[in-house]
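Each chain, written out:
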Amino acid sequence: MLGDRLRDLRQQHSLTLRQLATAADVSPALLSQIENGATDPSLSTLRKLAQVFDTSIAELFSEPEAPPVHVSRVGARTRLAAPPGQITYERLTPGRGDLEVLQAHLAPGDASSAEPWAHPSTECAIVITGEVVAEIGGESYTLTAGESVTFDSRLAHLYRNASDQRAHLIIAVTPPTP
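Being a predicted model, the structure only gives us computed values, none of them experimental.

### Notes on the side chain of arginine 77
- Inspection of the secondary structure puts arginine 77 in the loop between helix 5 (57-60) and strand 1 (79-80).
- In terms of polar contacts, arginine 77 uses its side chain to reach the side chain of serine 72, at 2.5 Å.
- With residues up to four places along the chain from it excluded, the contact list for arginine 77 reads Ser72, Glu90, Arg91, Leu92 and Gln103.

### Here's the deal with helix 1 (residues 2-12)
- For helix 1, the full list of buried residues reads Leu2, Gly3, Arg5, Leu6, Leu9 and Arg10. Down the axis of helix 1, the smallest arc covering the buried residues is 160°, so these residues share one side.
- Elements that come into contact with the buried residues of helix 1 comprise helix 2 (17-24), helix 3 (28-35), helix 4 (43-52) and helix 5.
- Once helix 1 ends, the next one or two residues include serine 14, with phi positive near 55°.

### Quick word on the layout of surface pockets
- The space that makes up the largest pocket amounts to roughly 350 Å³.
- Forming the walls of the largest pocket are 21 residues, and the residues nearest its centre are Met1, Leu2, Ala76, Arg77 and Thr78.
- No other element matches helix 1, which puts 3 residues into the lining of the largest pocket.
- When its residues are assigned to classes, the lining of the largest pocket shows 7 nonpolar, 7 polar and 7 charged.
- Here the lining of the largest pocket gathers at least three residues from each of two domains, domain 1 (2-61) and domain 2 (79-174).

Quick notes on the rules
Residues numbered from 1 in each chain as written. Predicted model: local features only at pLDDT ≥ 70, side-chain atom pairs only at ≥ 80, totals over all residues. Heavy atoms only, no water. Helix = DSSP H or I, 4+ residues; strand = E, 2+ residues; numbered from the N terminus. Polar contact = N/O pair within 3.5 Å; in protein donor to acceptor, adjacent residues only side chain to side chain. Contact = heavy atoms within 4.5 Å. Buried < 20%, exposed > 50% of the residue type's maximum accessible area, 1.4 Å probe, protein only. Arc of directions from axis to C-beta. 1 Å grid on protein atoms, 1.4 Å probe; cavity = no way out; pocket = protein on both sides within 12 Å on 5 of 7 lines; lining within 4 Å. Points joined across faces, edges and corners; volume = space filled by probe spheres on them. Nonpolar A, V, L, I, M, F, W, Y, C, P; charged D, E, K, R; others polar. Domains from an automatic or database assignment.

By themselves these figures say nothing about function.
Written as structure tokens, this is what we have:
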């Protein structure tokens, strides 16, 4: 689905794989693999592609024909990987543009990004297992299993695992503008 959407956007902008690769500072081979569904892009790559198309990452996942009922199956979800030391996400929702729910895994020492960042949404994070520090607007909030935080995501924020155990959390964003 993401590969099809990227191919459509690339063609709408009259770009070849090589032109898009140059503009996004990624390899043409990587773009080809993404378009063909052979690999999942990193968050960094998604941010670069969204910037080239002057859109949000959420828009890259938009599904105009999303079904009215969506079942998210283990092993069939889109994974959003990040550089080592950062969070890995799995998308639990289709790209309707109204809500994004992500399952996230943080290894000890990992963070959602290198620096706190902001976007115009409301965000809620629920810790399923482990312990997560949510840094929001310059304040730190330690959350353990079963606890959640909801905030205006225009406040610069990030999640990090300062413990020695893996952490698992669910993040909901509305509207989705990650």
